[in-house]
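Working through the structure, step by step
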Amino acid sequence: MHRIPQRIALSAIALAVLTLAQSASAQQAAPSEAPMARVEVTGSSIRQLATENALPLTTLKSEELVARGLTTMSEVATSLTVGSTNEPVGGGGGGTMINMRGLNTNRTLVLLNGRRLPNEAVGASSVNVDVVPMSAVERVEVLRDGASSIYGTDAIAGVVNFITKRTHTGTTVTGGWVQPERHGGGDQQRVSIVSGMGDLAEQGWNVYAALDFQQRARLAQSDRPNISDPNLIAQLGGNPFSSAVAGSSSAPANFTVYQNGKPTTLTGNPYFASGCAAPYGGAQYTIPSTKASGAGVGTCILDPDLYPQLLPDNMQASLFTKASLRHHGDSLLTVELLATESFIKAQNPPQVFGAQTDYDKYNPGVRKPLFITPSSKWYPGGSGGVPGVAGVTNQDLALTWSMDEAGPARTDDRQNTRRLVIADQGEFMGWDYRVGVTAAESKRAVGWISGFFATDGIYQGVANGTLNPFGAQDAAGAEYLDSIRRDGLTYRVARVGYVGTDFNIARPLLDLPGGPLTLAIGGDWHRETYRDATDPVANEVTYKVSGTPNTYPRGERKVTALYLEADAPITKELTLTGAVRADHFSDFGNTVNPKLSVRWQPTQTVLLRGTASTGFRAPTLPELYGTPLTRMPSTNKWDDPLLCPSATPSVRATGSVTTDPRYAGLNLDPARVCDTNLTTLQGANPDLDPEKARTVTAGIVLSPMKNLNVSFDWWSIKMKGTIAQITEETIFDNLERYQDLFVRNADGTLDYIVKTRMNMGGLRTRGIDTSVSYTWPTTQWGKFGIGMDGTYVDRYEGQNEPGGAWEDSVGRPGALATGSTSANTYVYRWKHNLRLSWNYQKFGVQLTQAYTSHYDDTNAQPNQKPGQPFFNQIDHYTLYNLATNWNVSDKLKLTLGVNNLLDEGPPLSNQRIGSRVVFAQNVSKPIGRAWNVRVNYTF
């Protein structure tokens, strides 16, 4: 409850306790009653029969999740054909977010029991679904159209509602293991305990708690050599590792000889002659360069297989408790508490020092040589015992040093979520009512575990002769290193707070030919807060730092809303449902968003349905008030289009220093204007406007025979004022259009390139969702079933400015980087999940096929065209999972499965070729075939 407004939280708790006490003293044990005929369905505030639903809704029950062998929330999210996830890979991340329709995670609304969860704290725009305890989930409902009229204006892409068990009695313990067939890491363990007491029907109360714990071991890149095969990297357009290059940062350090304050072409390493084996107590981190001539001869190269990892260490624990009490007849008071903690421990190569790394985060791009002078005893040939090098006498040496003797640089990314919900529902004077109070907080802390040092301290230690950059430290050096360590520090803490209350009342008003006209009136109020603090110590360590040092952005917003919904069964066959929601934003004023849905069932075998709605997404608090405008190096290297012009500016290293006499006096350095990281201006933009959207769906559901259901739902979403970033590739591919983004000094030198988020032209996408399921009648051989969910995307078009050209991105990377999702968000033409099942007595088997169609890769250069060298197209990808379930007894259940049954290797991609994480992480995992065992026992 830390930092949640205590007055509201304590008032809510007091209200719950008082109501519980009064109800418990007044009530008698209620007799067992039949369950309600009408239930609440995601997307509507009116209770109705599930068969009456006119909305495109997909429901996954917990039994189905188990039958498919899904063990984590990220796997559940991946199984949705309308969505994708960004499960943390490589160096870590904010968790698992759901991205429906490719519209980005901040346009998908994630609910727990129909109420909001707090967003992940750093991005503050998307919910990390890893916080949901899987053992408590009864079903997942996915609404595949907009729901801004009911839940909030930001539900543009759709809604994912995780619904927990209503009650639970007894104790169930589940243990699960996922063990890769190949050696290395990536193994997972999971333990959950669900325990409860009290019969809600007989005794009028129930309390249960669900505790989940799971962890995954890191998987090193060296454990999957097929993914980093040099020949394959070359085919992708990358630069495979070769020893015939100049060494950069290494241990022992490489050097460049300086003469009269300027670098020469003389380079080397004191231990090159001994095979780069320096005295590190038996450890060797580098290998000799085989470069034959020029700068870089005689240097050492860091072994590329030592540190990279494909998956980081990951752990998460969650506790969900729910107490329910019946009172005054069938009214139900519930109290829910969610508490989670998760962390990602990422391993990175050691911290590096020298002119190729930033010296100061306040001034990115400022890079200073790390000098050792002849006065140091560690100078080659000096008294410290470092071997001498021919030609190196009394010159200053600029070093590039990797701190390998301190081990890999390990970071900690920890998240906490707390959420309290007190709700009551029932009937009062003929009205069904529902009311609740929610208080929640999400916190994320980022820090250094080991291997981090103050950058200026390293420079000083080398300059004064205390530190030995060429071998192990002596006692004085080791003591000095300890004094400048920054291990164990948390340098960034972000918090998101959410406090709100909601109500809904509904009742039939009058009878229509098809049934009663039902009206619902509801409203909610909530306050969001966002704070992000990066300590000044982050400027001391210029390596693996997120956030901007000494900045403390914050923001808050209050939203008040009122909505109406009417369900009108015009006839037995035709039902119209209309809803309208009016919101008032404390920072963006008022907006009204309606929704109309129609359901027509002319026969029992045919159902037609359709919806139309509008949406409104205000910029998130981080988009408005987050990281202050900050100068940062460009993601890629470019030629300055004015001072290093090129006929093909979108292709790096094709320009040459300008001969324009106007800039003759600048004495331009090619290294600073050609093929280099240019300065960009990035950060929040308080001048953003809201996004607006229109969503239309039309569908048909067919039941031509018993146990057969077929559905097709066409959908179209059109947005304008899309909040996004133009990618660097897009800017340099059309310089004439984006000249105003280049801000220059009076002498013509580049000050920065504007890369802040801005309102773009728009985005429009459309496609068809389909679902087929059939279950054969039970025979002596058991019950057989088949099912398939698929999504076909007809178009996904982005527009960089109002009135501009539309660019289709189906099957290839998009041009826009939207929020927390990178520009390389792939929208597949076709994606499906096919399921074959067989159940016989207490035994069941399910085979699942997950398929994604082919798409164009990021590719080596922005101007790559099909057929050119290094053009890469990722082929369609098919994955099979097999799960078997055996109910040994009423108490014991066993599940044995094989993930990636055919051991299909991950398709290789050049999306992250620079980091050598070259598998297509958006469709696959690097683990390979893995065994999945699950044991469930109920006491």
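Since we're looking at a predicted model, the values are computed, not measured.

Basis of the calculations
- Residues numbered from 1 in each chain as written.
- Predicted model: local features only at pLDDT ≥ 70, side-chain atom pairs only at ≥ 80, totals over all residues.
- Heavy atoms only, no water.
- Helix = DSSP H or I, 4+ residues; strand = E, 2+ residues; numbered from the N terminus.
- Buried < 20%, exposed > 50% of the residue type's maximum accessible area, 1.4 Å probe, protein only.
- Contact = heavy atoms within 4.5 Å.
- Areas by Shrake-Rupley, 256 points an atom, 1.4 Å probe, with all protein chains shown as cover.
- Patch = residues over 30% accessible without salt bridge, like charges linked within 9 Å, V, L, I, M, F, W, Y side chains within 5 Å.
- Salt bridge = Lys/Arg side-chain N within 4 Å of Asp/Glu carboxyl O.
- Disulfide = S-S within 2.5 Å.
- Pairing = 2+ DSSP bridges.
- Axes fitted to C-alpha atoms, helices over the stretch in contact; angles between N-to-C directions.
- 1 Å grid on protein atoms, 1.4 Å probe; cavity = no way out; pocket = protein on both sides within 12 Å on 5 of 7 lines; lining within 4 Å.
- Points joined across faces, edges and corners; volume = space filled by probe spheres on them.

What follows covers the overall build of the protein chain. Scanning the protein chain for helices and strands turns up 9 helices and 48 strands. When burial is assessed residue by residue, the protein chain has 53% of its 939 residues classed as buried. In the protein chain, the proportion of contacts linking residues at least 24 apart, taken out of those at least 6 apart, comes to 71%. Counting only carbon and sulfur atoms, one obtains 56% of the accessible surface of the protein chain, whose full area is about 39400 Å².

So, about a nonpolar patch on the surface. Judged by side-chain polarity, Val 191, Ile 193, Leu 211, Phe 213 and Leu 319 come together as a nonpolar surface patch covering roughly 370 Å² of accessible area. Secondary-structure elements contributing two or more residues to the nonpolar patch are strand E9 (188–197) and strand E10 (205–216). Mapped onto the fold, Phe 213 is located in strand E10. Residue classification places Phe 213 among the partly exposed positions, given a relative accessible area of 34%.

Those residues of helix H5 (residues 455–463) that sit buried are Thr 455, Gly 457, Ile 458, Tyr 459, Gly 461 and Val 462. The elements touched by buried residues of H5 are strand E19 (352–353), strand E20 (370–372), strand E21 (396–402) and helix H6 (475–483). At the C-terminal side of H5, Gly 465 shows a positive phi close to 85°.

Take the state of the cysteines next. For the coordinates displayed, the defined rule picks out 2 disulfides. Here Cys 276 connects covalently by a disulfide to Cys 300, the sulfurs 2.0 Å from one another. Between Cys 276 and Cys 300 the sulfur-sulfur dihedral comes to about -95°; the bridge is accordingly left-handed. Of this pair, Cys 276 sits in the loop between strand E13 (262–268) and strand E14 (286–288) while Cys 300 sits in strand E15 (residues 300–302); the two residues are 24 residues apart in sequence, bridging distant segments of the chain. As far as burial versus exposure is concerned, Cys 276 and Cys 300 are alike and both buried. Each disulfide pairs two cysteine sulfurs, and for Cys 644 the partner residue is Cys 674, the sulfurs being separated by 2.0 Å. In this structure the cystine formed by Cys 644 and Cys 674 twists about its S-S bond by roughly 115°; its chirality is therefore right-handed. In this pair, Cys 644 is assigned in the loop between strand E30 (630–633) and helix H8 (670–673) and Cys 674 in the loop between H8 and strand E31 (679–682), connecting sequence segments 30 residues apart.

Tracing the backbone shows Arg 444 in strand E23 (residues 431–450). By relative accessible area, which is 10% here, Arg 444 ends up buried.

Turning our eyes to something else, we now look at the side chain of Ser 634. Structurally, Ser 634 is set in the loop between E30 and H8. Ser 634 has contacts with Thr 676, Asn 677, Leu 678, Thr 680 and Glu 728, leaving out every residue within four places of it along the chain.

In this model, Ala 251 is joined to Pro 252 through a cis peptide bond whose omega is 5°. Inspection of the secondary structure assignment puts Pro 252 in the loop between helix H4 (230–235) and strand E12 (254–259). For Asn 900, which is not glycine, the phi torsion reads 60° and is therefore positive. In this fold, Asn 900 is placed in the loop between strand E47 (892–899) and strand E48 (930–938). You can call Asn 900 buried: its relative accessible area is 6%.

A few words on the sheet that holds strand E35 (residues 742–744). The mixed open sheet is built from 4 strands, whose spatial order is E30-E31-E36-E35. At either margin of the open sheet sits one strand with a lone partner, and together these are E30 and E35. Strand-to-strand, the axes of this sheet are offset by a mean angle of 35°, without reference to chain direction. Note: E30 against E31, 4 bridges, orientation antiparallel. Note that in E31 the partner of Pro 633 across the bridge is Thr 679.

This paragraph deals with empty space enclosed by the protein. The final tally for this structure, using the stated rule, is 8 cavities of 30 Å³ or more. Elements with a contribution of two residues or more to the lining of the largest cavity: strand E4 (108–112), strand E24 (490–512), strand E25 (515–534), strand E26 (554–569) and strand E27 (574–585). Take the lining of the largest cavity: its biggest share by element is 4 residues, from E25.

A few words now on the pattern of salt bridges. This structure, assessed with the given rule, holds 43 salt bridges. With a shortest N-O distance of 2.7 Å, Arg 744 and Asp 640 are connected by a salt bridge. Here Arg 744, found in strand E35, pairs with Asp 640, found in the loop between E30 and H8; they are 104 residues apart in sequence, far enough to count as distant. Given the relative accessible area of 2%, Asp 640 is considered buried. Several salt bridges share partner residues, and in doing so they unite Arg 101, Arg 144, Arg 609, Asp 713 and Asp 769 into one network.

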